[in-house]
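One letter stands for each residue in the lines below.
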Amino acid sequence: MGPIDYIVVEFPGNRMTGEGLPILVDLVDRGLIRILDLLFVRKDADGSVVGMEIADFDGDGALDLAVFEGASSGLLGEDDIEEAGKALEPGNSAGILVYENVWAEPFATALRRSGARMVASGRIPVPAVLAALEETDAG
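The structure presented is a predicted model; accordingly, all values stated were derived computationally and were not measured. (Residues numbered from 1 in each chain as written. Predicted model: local features only at pLDDT ≥ 70, side-chain atom pairs only at ≥ 80, totals over all residues. Heavy atoms only, no water.)

Enquirer: Teacher, can you tell me more about a nonpolar patch on the surface here?
Expert: Together, Ile-124, Val-126, Val-129, Leu-130 and Leu-133 make up an exposed nonpolar region whose accessible area comes to about 470 Å². With respect to the helices, strands and loops of the structure, Ile-124 is situated in the loop between α3 (105-113) and α4 (126-138). A relative accessible area of 60% places Ile-124 in the exposed class. (Patch = residues over 30% accessible without salt bridge, like charges linked within 9 Å, V, L, I, M, F, W, Y side chains within 5 Å. Areas by Shrake-Rupley, 256 points an atom, 1.4 Å probe, with all protein chains shown as cover. Salt bridge = Lys/Arg side-chain N within 4 Å of Asp/Glu carboxyl O. Helix = DSSP H or I, 4+ residues; strand = E, 2+ residues; numbered from the N terminus. Buried < 20%, exposed > 50% of the residue type's maximum accessible area, 1.4 Å probe, protein only.)

Enquirer: I would appreciate a short explanation of the pattern of salt bridges in the present structure.
Expert: A pair can form between side chains of opposite charge whenever their charged atoms are brought close. Throughout the structure, instances matching the rule amount to five salt bridges. Linking Glu-83 and Lys-86 is a salt bridge whose minimum nitrogen-to-oxygen distance equals 3.3 Å. On the criterion of helical spacing, the pair formed by Glu-83 and Lys-86 is a turn pair, its members being three residues apart in helix α2 (residues 78-87). Under the relative-accessibility criterion, Glu-83 is labelled partly exposed at 47%.

Enquirer: Sorry if this is basic, but what is going on with unusual backbone geometry here?
Expert: Most peptide bonds are trans, and most residues other than glycine sit at a negative phi. Although it is not a glycine, Asn-14 adopts a positive phi angle of roughly 60°. Inspection of the secondary structure assignment puts Asn-14 in the loop between β1 (4-11) and α1 (21-29). Exposure remark for Asn-14: the relative accessible area of 33% places this residue in the partly exposed category.

Enquirer: Before we go on, may I ask you to explain the nonpolar core in this structure?
Expert: Grouped burial of nonpolar side chains is what soluble globular proteins tend to show. The biggest cluster of nonpolar side chains holds nine residues, and these are Met-16, Leu-24, Ile-33, Ile-35, Leu-38, Phe-40, Met-52, Leu-97 and Tyr-99. Every element with two or more residues in this core is listed here: β2 (34-43) and β4 (93-100). Counting residues in hydrophobic clusters, the runner-up holds seven residues, among them Val-49, Ala-84, Leu-88 and Ile-96. (Core = buried A, V, L, I, M, F, W, Y, C linked by side-chain atoms within 4.5 Å.)

Enquirer: What is the right way to look at the pairing of β4 in this model?
Expert: The side chains of a regular strand alternate between the sheet's two faces. With eight of eight residues buried, β4 lies mostly within the body of the structure. Alternating positions in β4 separate into two faces, Ser-93, Gly-95, Leu-97 and Tyr-99 on one and Ala-94, Ile-96, Val-98 and Glu-100 on the other, with burial throughout. Judged from the eight bridges that link them, β1 and β4 form a sheet pairing that is antiparallel. Note that in β4 the partner of Ile-7 across the bridge is Leu-97. (Pairing = 2+ DSSP bridges.)

Printed below as a string of structure tokens:
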């Protein structure tokens with residue numbers, strides 16, 4: 001198994017267009033990622049967080065999420081939904097995506113076979129990378 005990541009993507013004003021869904025499907029189709037969980041939540045004005053059923057993002061009458069039906073591994077629980085809700089502003093919604101980096105599985109397997117073990121992992125935020133590159137270019 002490759003490394004497992006998650007993202008929580010906030011949609012201000014509950015405005016979800018579905019524009020990113022074809023790109024997500026492409027990543028799955030190309031075998032780069034495997035979706036383990038995909039949930040949607042909304043944070044109401046009173047601060048309560050509720051699960052959402054989204055049938056049609058772009059208003060064309062077709063179920064935009066049909067390809068993700070059954071994408072529920074059980075890794076996400078109510079506590080994860082509440083935790084994601086803490087990051088949301090009232091009146092906004094979010095998608096919670098848990099995915100396996102399938103592309104990294106052969107590499108991870110080879111490392112485990114050789115006795116190696118991961119001792120640290122992290123992500124550098126894109127704005128931090130861009131700022132560092134701009135600073136380097138300016139210097």
